[in-house]
Amino acid sequence: MARSKSVLPKNWSMGDVLKHFGGIAPERIRIDPAPGRATERDVIRLNDHEDRLYELVDGVLVEKVMGLPESIVAGEVLGELRAFVKAHDLGVVAGADGTLRLLPGLVRIPDVAFISRERLGGKKVPRRAAPDLAPDLAVEVLSEGNTKEEMERKLKDYFFAGVRLVWYIDVYKRVAEVYTSPDQVMKLTEAEVLDGGDVLPGFRLPVGELFAELEPYERRKRNGRKKPS
């Protein structure tokens, strides 16, 4: 099968590519296949055969990274959502390796995703590695390597594809951001409660419970001394 034509300008340098993706670390960009020439088939092949996960954006494979603190928080969200959804027979909940084809050429992997029975059309989940599904709720647990620009782009991708609700959970600031559109956000502290809104009426999860097992994060000043967050 012939390689698809690059969707990025031919005269771009790696610096241009990194800027395009919000200033992320260069090691998160896979260079084989070359940036701009990757396909959905590459995502499926690599995610099946390597101990890494890649999202596909603009013909570029971008590594999805998650450390232990992020994984613990994602697991908490997954467990609470799955129990609620199963108890009320509302749909399905996927974890951090649930690859979804949001749009042609756009493959994302939310850390947690809820897909309603209505969105599934009353059918079972398709037996494809990256099914054509946009979740009702997408949850991202932010890692240190995520940049503001990167996550703003991802937010727009989600809502453009039809996602109804997005949660960004920051393990370092210990807050949760609830988005009902790319520019409609409510920030919740540890003392407040996440709820499912119109997407999951009745679901409630205290934000503080998400971080109960994590030590407070300490930022380093430029002089090397630690500064409590």
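Residues numbered from 1 in each chain as written. Predicted model: local features only at pLDDT ≥ 70, side-chain atom pairs only at ≥ 80, totals over all residues. Heavy atoms only, no water.

(A) Geometry of the sheet that holds strand β9 (residues 175–181). With mixed pairing, six strands are arranged side by side in an open sheet as β3-β6-β7-β8-β9-β10. Of all the strands in the sheet, just β3 (91–94) and β10 (184–188) have a single pairing partner and so form its edges. Neighbour-to-neighbour, the strand axes of the sheet open up by a mean angle of 15°, direction not taken into account. Two elements, β3 and strand β6 (residues 112–116), share four bridges in a ladder whose sense is antiparallel. The partner of Ala 94 across the bridge, within β6, is Ala 113. (Pairing = 2+ DSSP bridges. Helix = DSSP H or I, 4+ residues; strand = E, 2+ residues; numbered from the N terminus. Axes fitted to C-alpha atoms, helices over the stretch in contact; angles between N-to-C directions.)

(B) Structural view of helix α2 (residues 40–49). Residues of α2 that are buried: Asp 42, Val 43, Leu 46 and Asn 47. Take α2 and look down its axis: the buried residues cluster within an arc of 120°, on one side only. Of the exposed residues in α2, the ones pointing more than 90 degrees away from its buried face are Arg 41, Asp 48 and His 49. (Buried < 20%, exposed > 50% of the residue type's maximum accessible area, 1.4 Å probe, protein only. Arc of directions from axis to C-beta.)

(C) Up close: unusual backbone geometry. Note that the residue after Asp 32, namely Pro 33, is joined by a cis bond; omega there is 5°. Structurally, Pro 33 is set in the loop between α1 (14–20) and α2. If you check the backbone angles, Asp 58 has positive phi at about 55° while not being a glycine. If you trace the backbone, Asp 58 turns up in the loop between β1 (53–57) and β2 (60–64). For Asp 58, a relative accessible area of 26% gives the class partly exposed. Although it is not a glycine, Arg 174 sits at a positive phi angle of roughly 60°. Mapped onto the secondary structure, Arg 174 falls in the loop between β8 (165–170) and β9.

(D) Region of interest: the nonpolar core. Membership of the largest hydrophobic core comes to 30 residues, with the highest contact counts inside it found for Leu 81, Leu 137, Trp 167, Leu 194 and Leu 200. Listed by contribution, the elements that provide at least two residues to this core are α3 (68–87), β6, β7 (137–142), β8, β9, β12 (200–206) and α6 (207–210). Among the elements that line this core, the one with the most residues is α3, at seven residues. (Core = buried A, V, L, I, M, F, W, Y, C linked by side-chain atoms within 4.5 Å.)

(E) Here's a closer look at the confidence of the model for the protein chain. Mean pLDDT over the protein chain stands at 91; residues scoring 70 or higher make up 92%. Predicted confidence is poor over residues 220–229, with pLDDT under 50, and the contacts of this stretch with residues over four places away or in other chains come to twelve contacts. (pLDDT = per-residue confidence, 0-100. Contact = heavy atoms within 4.5 Å.)

(F) A look at the environment of Val 92. Within the secondary structure, Val 92 sits in strand β3. On the basis of relative accessible area, Val 92 is assigned to the partly exposed category, the value being 26%. For the pair formed by Val 92 and Asp 42, sequence separation is 50 residues and the distance between their alpha carbons is 26 Å. Look past the residues within four positions of Val 92 in its chain and what remains in contact with it is Val 85, Ala 113, Phe 114, Ile 115, Leu 120 and Val 125.

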